[in-house]
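Fold and geometry: a report
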Amino acid sequence: IQGCKALLLGSGTLGCNIARHLLMWGVSNITMVDRGRVSYSNPVRQTLFEVDDVVQGRNKCDAAVASLKRILPTVNAKSVNMTIRMPGHRVDENDAEEVAKCREDVELLENLIKEHDVVFELTDSREARWLPTVLATYHNKPVINTALGFDAYVVMRHGLRSSPANERLGCYFCNDVVAPVDSLTARTLDMQCTVTRPGVSAMASALTVEMLAALYNHPLFFSCPAYKATEDGAHSHAHGAASADQLGAAECCLGIVPHQLRGSVADYSQYPMNGVYFPKCAACSEPIMQAYEKEGFSFILKCLNNSQYIEEVTGLMADKLAVEAMYGGEGANWDDDGWEE
């Protein structure tokens, strides 16, 4: 794990905490990505920032890396100020300069993903996680995705494209039947930012890096199958409900290796869960991979400018129309009312 090259997409509350925990495990090759500047609300909850970072107008990733180097001068930490392009956030195709900048951003992100061993998706919105998921899946790069709600969190690893289809684990988008859309433009500032109980980020961040450590200590790395609890939700390794083969496949010297952890401080619960790969997933499915293989940046540009195109490519749109036809054409409510990240 000391040799892990970690790419942190997002240098906010999650990014700062996860970077600190990576240092604790001996990871010293860390690249932090963000486009925002440190604001006055940040230092009390984003643990690598100080008020002076606000006064000096520092970019988040620059300030975070400087802080890491003060904590551990030998750390190989780098910052990248860049925009992660998102579906629903249109690019004017008639503006050659804007298209060129978009292409540059996409190529930079792709190169960063190719250069690192593990990608951490820690951004503020669902749509900001789409392009990294597409590119990481295409290059078969491991991803750990961490997201927060008001009093809840999810920490999950994405399945690798190289895994057998019947064993492949799902990604962050595999439970969705809608493509990501612009969730930010029409919202006020308080709606754009996730309001969470302060302890949630710290808990999720610690679990994120502990999951990474477990995967590095498993012989199959990110190809490790998902740990499965018993039907009553109890841990099978503690109650003997699973076979020895099943236990050995999803455990390492540090304990179980789950696909995802979902927890809440509302009732102080935490559950290891698992989800399967969705063949029509808006991000990691083979139709998306094949379209990107064939069209490259042109495909990405189409998806950025028209989220419905993602659903057309995957077959989700056809499924929706079929469901609506079953109900007399009245249509269903397909809005994504999921978590805020």
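Heads up: the structure comes first, above all this text.
What counts, and where the lines are drawn
- Residues numbered from 1 in each chain as written.
- Predicted model: local features only at pLDDT ≥ 70, side-chain atom pairs only at ≥ 80, totals over all residues.
- Heavy atoms only, no water.
- Phe/Tyr/Trp six-rings, centres within 6.5 Å; stacked < 30°, edge-to-face > 60°.
- Buried < 20%, exposed > 50% of the residue type's maximum accessible area, 1.4 Å probe, protein only.
- Core = buried A, V, L, I, M, F, W, Y, C linked by side-chain atoms within 4.5 Å.
- Helix = DSSP H or I, 4+ residues; strand = E, 2+ residues; numbered from the N terminus.
- Contact = heavy atoms within 4.5 Å.
- Patch = residues over 30% accessible without salt bridge, like charges linked within 9 Å, V, L, I, M, F, W, Y side chains within 5 Å.
- Areas by Shrake-Rupley, 256 points an atom, 1.4 Å probe, with all protein chains shown as cover.
- Salt bridge = Lys/Arg side-chain N within 4 Å of Asp/Glu carboxyl O.
- Right-handed = clockwise from strand over helix to strand, strands pointing away.
- Pairing = 2+ DSSP bridges.

**Notes on the packing of aromatic side chains**
Evaluated as defined, the whole model comprises five aromatic pairs. Residues Tyr 216 and Phe 221 carry aromatic rings whose centres are separated by 4.8 Å and whose planes lie at 70° to one another, so their mutual orientation is edge-to-face. Taking the centre distance of 4.9 Å and the plane angle of 75° together, the rings of Phe 221 and Phe 222 count as edge-to-face. Overall, Phe 222 belongs to the buried group, its relative accessible area being 2%.

**With respect to the nonpolar core**
In a soluble, globular protein the nonpolar side chains are often hidden away together inside. Within the largest apolar cluster, 46 residues are counted, with the highest numbers of intra-cluster contacts made by Leu 109, Trp 130, Phe 299 and Ile 300. Of all the secondary-structure elements, those providing two or more residues to this core are β1 (5-9), α4 (96-115), α5 (130-138), β5 (143-148), β6 (152-157), α10 (286-295), α11 (297-305) and α12 (307-314). Once you skip the residues sitting within four places of it in the chain, Trp 130 turns out to touch Pro 87, Phe 173, Pro 180, Ala 282, Ala 283, Ile 300, Cys 303 and Ile 310.

**Here's the deal with a nonpolar patch on the surface**
On the surface, Tyr 40, Val 51 and Val 55 cluster together to form a nonpolar patch covering roughly 340 Å² of accessible area. Tracing the chain through its elements places Val 55 in helix α2 (residues 51-55). Val 55 sits in the exposed class, given a relative accessible area of 53%.

**A few points about the pairing of β1**
Of all five residues in β1, four are buried, a share of seventy percent or more. Once the chain exits β1 it traverses helix α1 (residues 13-24) before rejoining the sheet at strand β2 (residues 29-34), and the crossover so formed is right-handed. In this sheet, strand β4 (residues 118-121) lies alongside β1 in parallel orientation, the contact comprising four bridges. Counted as the bridge partner of Leu 8 is Phe 120 from β4.

**Quick notes on the pairing of strand β10 (residues 269-273)**
Where strand β9 (residues 260-264) meets β10, five bridges bridge the pair, whose relative direction is antiparallel. Paired with Gly 263 across the strands is Gln 270, a residue of β10. Remark: four residues form the turn of the hairpin made by β9 and β10, two consecutive strands paired antiparallel; Tyr 268 in that turn has positive phi of roughly 55°.

**Notes on the pattern of salt bridges**
Within this structure, the stated rule accounts for ten salt bridges. We note a salt bridge from Asp 105 to Lys 101, for which the minimum N-O separation is 2.7 Å. With Asp 105 and Lys 101 both in helix α4 and four residues apart, the pair spans about one turn of that helix. Classification of Asp 105 by relative accessible area gives buried; the value is 4%. With a relative accessible area of 37%, Lys 101 lands in the partly exposed category. Glu 286 is the partner of Arg 168 in a salt bridge, and the nearest nitrogen-oxygen pair spans 3.7 Å. Of this pair, Arg 168 sits in the loop between β6 and α6 (189-192) while Glu 286 sits in helix α10, placing them 118 residues apart in sequence. Assessed through its relative accessible area of 6%, Arg 168 is described here as buried.

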